[in-house]
Amino acid sequence: MADLGKKYCVNCLADVTNLRLRCTDCPDIELCPECFSAGAEIGNHRRWHGYQQVDGGRFSLWGTEAEGGWTSREEQSLLDAIEQYGFGNWEDMATHVGASRTPQEVMEHYVTMYIHGNLGKACIPDNIPNRVTDHTCPSGGPLSPSLTTPLPPLDITLAEQQQLGYMPLRDDYEIEYDQDAEKLISGLSVNYDDEDVDIEMKRAHVDMYVRKLRERQRRKNIARDYNLVPTFLGRDKKDKEKEKPATGSGSVPSTPKRKITKEEKDQRMRLRGLCQFMAHREVEDFFDNMHKERVLRAKVRELQRYRRNGITRLDESAEYEAARHKREKRKENKSVVTSKRGSGGGGGLGSGAGLGCGAGGGGGAAGGVGVISGIKEEGKDGEFAAIENLTGFELLSDREKVLCNSLNLSPTRYLTVKTIIIKDHLQKRQGIPAKSRLPSYLDKVLKKRILTFLTESGWISRDAS
């Protein structure tokens, strides 16, 4: 009879008539939920003792601010009804909870508190393994838009449609890949008395049909990506034939195609293995991007060349390019004039050499003059194919290049002999005795011609020679 009156918490003396927690080990120990949660201990009572929940079924689990004023007894009845009748049978659940609740109230309260509320967020995982699959989603399901939504129709004439058996509104052909694929599912029907083996067999038929549909769509996509339909109809050849007279008449096409160089063609041949993994448009974009990369690299090298020459602004680069063009033009004109002089003065070489050989006591000097003049005239051609790729060629003057070319002497060997001769000459002028240290490959004829050349050029005096 004591339970019919008010009950108070033995720790904080709060009213616990509606809900209290009674210790099963200690008599007369009843706590409020707050003190029980804090682990209150009084006398011989300890927080690990067993407990029993005692309530009158009239308190609210969600607090006084919750809508509807659902009591704990109604909440328990609602959870029992969900387990017994299943989610969605709101009328039977409302009858089980009590006559005071309508099916709409039962549905709204359960969805709000147990699914979208904090309890649902904490207990229901985001990815449920047994969740029903939506086959109309765009993730590649059997009824996804990627398979059911047709592509835009092909841009072909009516005669070409008849030739291909193409139906533009359906994006289908009269003869499709695996024309009899629909027979796999045309006779299927689901019966309630089917056994598990029969159901699995029908599912296997449906999977086979879906695979065939995917293969059809894949072949259509390949035909579009690689422009197989225009190629089959011969339209690419017709377009090329139409472009030829248009180009000759002087009209500029709207989208002119870039001319492919020989290096690009070789590169395309080397990378043609990638074409089987890429669509036609992707392959063209790939090679266009490689061409853009080469152009950018060339531009970067040009800008670096400007920077090495002290140019920091684009307006200065224009002046630099104009001056460089003038220098190259001047060199080209000079080489042309030199080649003409060399071809016209070939007869003077023989006369000069004869003059030097026929003289008496002064024949040596005259012969040297003849040799030098012959070297001058010989070098007018500007052709040094035999020595221009050798080391040290860029260190020679124009007359020295002609001399090395006529003597068939490498630039490095000539520079070595020249250094030794000039060094010995300077030591003799200073009164220092010098021994001849000329290389073994230098014979008397080569030595004489080099000494004569150095004397005529002013490197050494005539007494030393």
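Remember, predicted model here, so these are calculated numbers, not experimental data.

A closer look at the overall build of the protein chain
1) Next: When you go through the protein chain residue by residue, the secondary structure sums to 19 helices and 5 strands.
2) Next: Counting every position in the protein chain, which comprises 465 residues, the buried fraction comes to 26%.
3) Next: Across the protein chain, the fraction of contacts at a sequence separation of at least 24, relative to all contacts at a separation of at least 6, is 44%.

What to know about the pattern of salt bridges
1) Next: Within the structure shown, the criterion is met by 19 salt bridges.
2) Next: One salt bridge in this structure joins lysine 220 and glutamate 176, with 3.5 Å as the shortest N-O distance. Here lysine 220, found in helix α9 (residues 196–225), pairs with glutamate 176, found in the loop between β5 (172–173) and α8 (183–186); they are 44 residues apart in sequence, far enough to count as distant. Each member of the pair lysine 220 and glutamate 176 is classed as buried.
3) Next: For arginine 218, the salt bridge goes to glutamate 215, with nearest N and O atoms at 2.7 Å. With arginine 218 and glutamate 215 both in helix α9 and 3 residues apart, this pair spans about one turn of that helix.
4) Next: On the accessibility criterion, glutamate 215 (19% relative accessible area) is buried.

Some points on a nonpolar patch on the surface
1) Next: On the surface, Leu274, Phe277 and Phe286 cluster together into a nonpolar patch covering about 300 Å² of accessible area.
2) Next: Mapping leucine 274 onto the fold places it in the loop between α12 (262–270) and α13 (280–308).
3) Next: Classification of leucine 274 by relative accessible area gives partly exposed; the value is 36%.

Here's the deal with the packing of aromatic side chains
1) Next: The tally for this structure, following the rule as stated, stands at 7 aromatic pairs.
2) Next: Ring centres of tyrosine 166 and tyrosine 173 lie 5.1 Å apart, and the angle between their planes is 50°; on these two criteria the pair is classed as tilted.
3) Next: Overall, the relative accessible area of 4% leaves tyrosine 166 in the buried class.
4) Next: Every member of this aromatic cluster is reached through a ring pair, and the members are Phe87, Trp90, Tyr110 and Tyr114.
5) Next: We note arginine 101 situated over the ring of tryptophan 70; from NZ or CZ to the ring centre the distance is 4.4 Å.
6) Next: The ring of tryptophan 459 carries the charged tip of lysine 418 above its face, separated from the ring centre by 3.8 Å.

Focus: empty space enclosed by the protein
1) Next: Evaluation of the coordinates by the stated rule reveals 1 cavity of 30 Å³ or more.
2) Next: Each pocket or cavity is described by its volume, and for the largest cavity that value is around 50 Å³.
3) Next: Lining of the largest cavity is provided by Leu154, Asp171, Tyr173, Lys220, Ala223, Arg224 and Val229.
4) Next: Looking at the lining of the largest cavity, the element that brings in the most residues is α9, giving 3 residues.
5) Next: When its residues are assigned to classes, the lining of the largest cavity shows 4 nonpolar, no polar and 3 charged.

Regarding helix α19 (residues 444–457)
1) Next: Compared with the 20 Å implied by 1.5 Å per residue over 14 residues, the 20 Å span of α19 between its first and last C-alpha is a close match.
2) Next: Those residues of α19 not exposed but buried are Leu446, Ile450, Leu451, Thr452, Phe453, Leu454 and Thr455.
3) Next: Positive phi appears at glycine 458, one or two residues downstream of α19, with a value of about 90°.

A look at the nonpolar core
1) Next: Judged by nonpolar contacts, the single largest core of 18 residues is most densely connected at Leu407, Tyr414, Ile421, Ile450, Leu454 and Ile460.
2) Next: Mapped onto this core, the elements with two or more residues apiece are α17 (398–407), α18 (411–429) and α19.
3) Next: Residue contributions to this core peak at 5 residues, all from α19.
4) Next: Formed by 12 residues, the second largest nonpolar core is a distinct cluster that contains Trp70, Trp90, Val97 and Val106.

Thoughts on the confidence of the model for the protein chain
1) Next: Looking at the protein chain as a whole, its pLDDT mean stands at 76, while 75% of the residues score no less than 70.
2) Next: Summarising per-element confidence for the protein chain, the mean pLDDT is lowest in helix α15 (residues 347–358) (37) and highest in helix α3 (residues 90–97) (90).
3) Next: Residue range residues 246–254 is modelled with pLDDT below 50. Its contacts to residues more than four positions away, or to other chains, number 1 contact.
4) Next: Residue range residues 345–382 is modelled with pLDDT below 50. Its contacts to residues more than four positions away, or to other chains, number 30 contacts.

Some thoughts on the packing of α17 against α19
1) Next: Contact pair α17 / α19: the axes reach a minimum separation of 12 Å and the direction vectors enclose 165°. On the basis of their axis angle, the class for α17 and α19 is roughly antiparallel. The handedness of the crossing between α17 and α19 is right-handed. Residues Arg399, Glu400, Leu403, Ser406 and Leu407 of α17 touch α19, and the partners they reach there are Leu446, Arg449, Ile450, Phe453 and Ser457.
2) Next: In terms of residue class, the contact of α17 with α19 is built from 5 nonpolar, 2 polar and 3 charged.

Some details on the sheet that holds strand β2 (residues 30–31)
The pairing of strands in a sheet happens through backbone hydrogen bonds and is either parallel or antiparallel.
1) Next: Pairing in this open sheet of 3 strands is antiparallel, and the strands run β2-β1-β3 from one edge to the other. The open sheet has two edge strands with one neighbour each: β2 and β3 (51–55).
2) Next: In this structure, strand β1 (residues 19–23) lies alongside β3, joined through 5 bridges in antiparallel fashion. Its bridge partner being in β3, arginine 20 is matched across the sheet by valine 54.

As for a negative patch on the surface
1) Next: Taken together, the side chains of Asp193, Glu195, Asp196 and Asp198 present a region of like negative charge at the surface.
2) Next: Looking at where aspartate 193 falls in the secondary structure, it is placed in the loop between α8 and α9.

Re a positive patch on the surface
1) Next: Where like charges cluster on the molecular surface, the positive patch consists of Lys326, Arg327, Arg330 and Lys331.
2) Next: Of note, arginine 327 is situated in helix α14 (residues 314–344).

Notes on the side chain of serine 77
1) Next: With respect to the element layout, serine 77 can be found in helix α2 (residues 72–85).
2) Next: With near-sequence residues (within four places) excluded, serine 77 lies in contact with His96 and Val97.

Parameters at a glance
- Residues numbered from 1 in each chain as written.
- Predicted model: local features only at pLDDT ≥ 70, side-chain atom pairs only at ≥ 80, totals over all residues.
- Heavy atoms only, no water.
- Helix = DSSP H or I, 4+ residues; strand = E, 2+ residues; numbered from the N terminus.
- Buried < 20%, exposed > 50% of the residue type's maximum accessible area, 1.4 Å probe, protein only.
- Contact = heavy atoms within 4.5 Å.
- Salt bridge = Lys/Arg side-chain N within 4 Å of Asp/Glu carboxyl O.
- Patch = residues over 30% accessible without salt bridge, like charges linked within 9 Å, V, L, I, M, F, W, Y side chains within 5 Å.
- Areas by Shrake-Rupley, 256 points an atom, 1.4 Å probe, with all protein chains shown as cover.
- Phe/Tyr/Trp six-rings, centres within 6.5 Å; stacked < 30°, edge-to-face > 60°.
- Lys NZ or Arg CZ within 6 Å of the ring centre and 35° of its normal.
- 1 Å grid on protein atoms, 1.4 Å probe; cavity = no way out; pocket = protein on both sides within 12 Å on 5 of 7 lines; lining within 4 Å.
- Points joined across faces, edges and corners; volume = space filled by probe spheres on them.
- Nonpolar A, V, L, I, M, F, W, Y, C, P; charged D, E, K, R; others polar.
- Expected span 1.5 Å × (residues − 1).
- Core = buried A, V, L, I, M, F, W, Y, C linked by side-chain atoms within 4.5 Å.
- pLDDT = per-residue confidence, 0-100.
- Axes fitted to C-alpha atoms, helices over the stretch in contact; angles between N-to-C directions.
- Parallel < 35°, antiparallel > 145°, perpendicular 65-115°, else oblique.
- Left-handed = near helix turned anticlockwise from the far one by under 90°.
- Pairing = 2+ DSSP bridges.
- Lys, Arg positive; Asp, Glu negative; His and termini not counted.
- Charge placed at Lys NZ, Arg CZ, Asp CG, Glu CD.

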